[in-house]
Every structure is written in structure tokens, then in C-alpha cells.
Amino acid sequence: MRLLIVEDEKRLALSLAKGLTAEGYAVDVVHDGLEGLHQAAQAPYDLIVLDIMLPGMNGYRVCAALRAAGDDVPILMLTAKDGEYDEAEGLDTGADDYLTKPFSYVVLVARVKALLRRRGSAGPSPILNLPGLRLDTAARRAYRLEGDGECEVTLTAKEFAVLEQLAVRSGQLVSKAQILEAVWDFAYDGDPNIVEVYISALRRKLGADLIRTVRGAGYRLEAAP
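Residues numbered from 1 in each chain as written. Predicted model: local features only at pLDDT ≥ 70, side-chain atom pairs only at ≥ 80, totals over all residues. Heavy atoms only, no water.

If you check an unreviewed UniProt entry, the protein appears there as DNA-binding response regulator from Streptomyces triticagri.

Draft legend 1. Spatial organisation of the overall build of the protein. Along its length, the protein carries 8 helices and 12 strands. Residue burial in the protein is summarised as follows: out of 225 residues, 44% are buried. Sequence separation of 24 or more characterises 55% of the internal contacts of the protein that already satisfy a separation of 6 or more. When the accessible surface of the protein is summed, it comes to about 10,900 Å², and 50% of that surface belongs to carbon and sulfur atoms. (Helix = DSSP H or I, 4+ residues; strand = E, 2+ residues; numbered from the N terminus. Buried < 20%, exposed > 50% of the residue type's maximum accessible area, 1.4 Å probe, protein only. Contact = heavy atoms within 4.5 Å. Areas by Shrake-Rupley, 256 points an atom, 1.4 Å probe, with all protein chains shown as cover.)

Draft legend 2. Spatial organisation of the sheet that holds strand E2 (residues 26-30). Spatial strand order, E2-E1-E3-E4-E5: 5 strands in an open sheet with parallel pairing. Each edge of the open sheet is held by one strand with a lone partner, namely E2 and strand E5 (97-100). Between one strand axis and the next, the sheet turns through 20° on average, direction left out of account. Where strand E1 (residues 2-6) lies against strand E3 (residues 47-51), 4 bridges are found, and the strand directions are parallel. When the bridges of E3 are listed, Leu-4 appears paired with Ile-48. Packing against the sheet, helix H1 (residues 10-22) makes contact with E1, E2 and strand E4 (75-79), and its axis sits at approximately 170° to E2. (Pairing = 2+ DSSP bridges. Axes fitted to C-alpha atoms, helices over the stretch in contact; angles between N-to-C directions.)

Okay, structure coming up:
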């Protein structure tokens, strides 16, 4: 399942993304209302976590624009404001739930799961089946499919995490920054080329043709039978 976080407090946004990724979701993050609206229109999401006080376009207007366009994606609104009026305004624009900062991360996860269940799903599937590749995200195990059988590939925790980020967006471009934010600590200030080291390791273990490099943009998983 894919989630979009639209939050201009970057440390908070990346912290939430890291936690939700650990829960098994594919998470994208943007920090501007207009960019959030554009991103939501470009890709199908299962849920949007939307701050109200945003640059470019506030959360009320983003939510209203999505609903006006016929997008019924569940929206959980976040705000530092307090009071019944603000909550009513957020819900009137089409939001499904409302959470006031500061909030407990545990509560946010519970709200996210409740909204996803309400939409008819109990949560993300632990199995990712791709052409020539199967990932068990619960057990953190990877398998290459060979003929009528499959062969387990031994991966380190970080290797699996990088592969998972590519697998949940199979066929789509994933930037180095997205991988760093999801797999490493959001405050990581080391060499960003560490991602290339893990991509090289994955190619050695899974096959050189599995992951395509798009120069200057990122990587794309192209698992082949």
C-alpha cells in the first residue's frame, strides 16, 4: 500500500515516513501543498497524511481540490491548531479524520490502519509477487523464481530494505533521496553514495539486469522472468 505524507516540517515528515515504512507501507513525502496536490494526481495512493498549514496551498484547499476532482482517497489531516471550528472545517472539505499536534505516533498508526480498514482493506500484504522475484516483507526474505521453483537469496537487513523500496514501486523510478529517507535515519548526513554500494550488492546477488540505473534520477526495478 502506498501512502503520501504532505508535511512542511521536514524532520517530522521524514520521521513519520521512516516509521510507516517500517510498518510495511510504501511512503512518499512532499513538503508543499501544491506539490502534494500534483503528486496525488500523478500516482494512486491508498491514504494521504495531510498537514493543514502548508506553503503553496494549505491543506484545506488541497483536500477540497482532490474531492472536487473525484478522488476519494482517505485523508488524515494534521494540524498544530486546536478547536472544534478547525476540525469541522477540515472535515467539511472532505477529510476522513483529524489529528492535532502534538500527537502520539502510536495513535497516528492506529488512525491510518483504521482508515485503511474502513476502505475495505486490513492493511498491506506481507508478500510482494513480481516477475521472477518474491519478497516476504514480514519474514524479510527474498526469493528468485527459477522455472517451477524458487531459490532463496540471502540478504542483509539493509539490502532487503533497499530492495523493498524498489519492489513496492516496481517499474517506477525511485530516487536515491527516497531510498536514503526510507532506509537510513532521516537525519543521515553520511555519503549518499552508500545507496550505490547496496544497489551493486543486490545486482551481484539477484542478477545484473534486475535494477536499472536512470542516470541522474535514480533506480527502477525491472524484475524479469
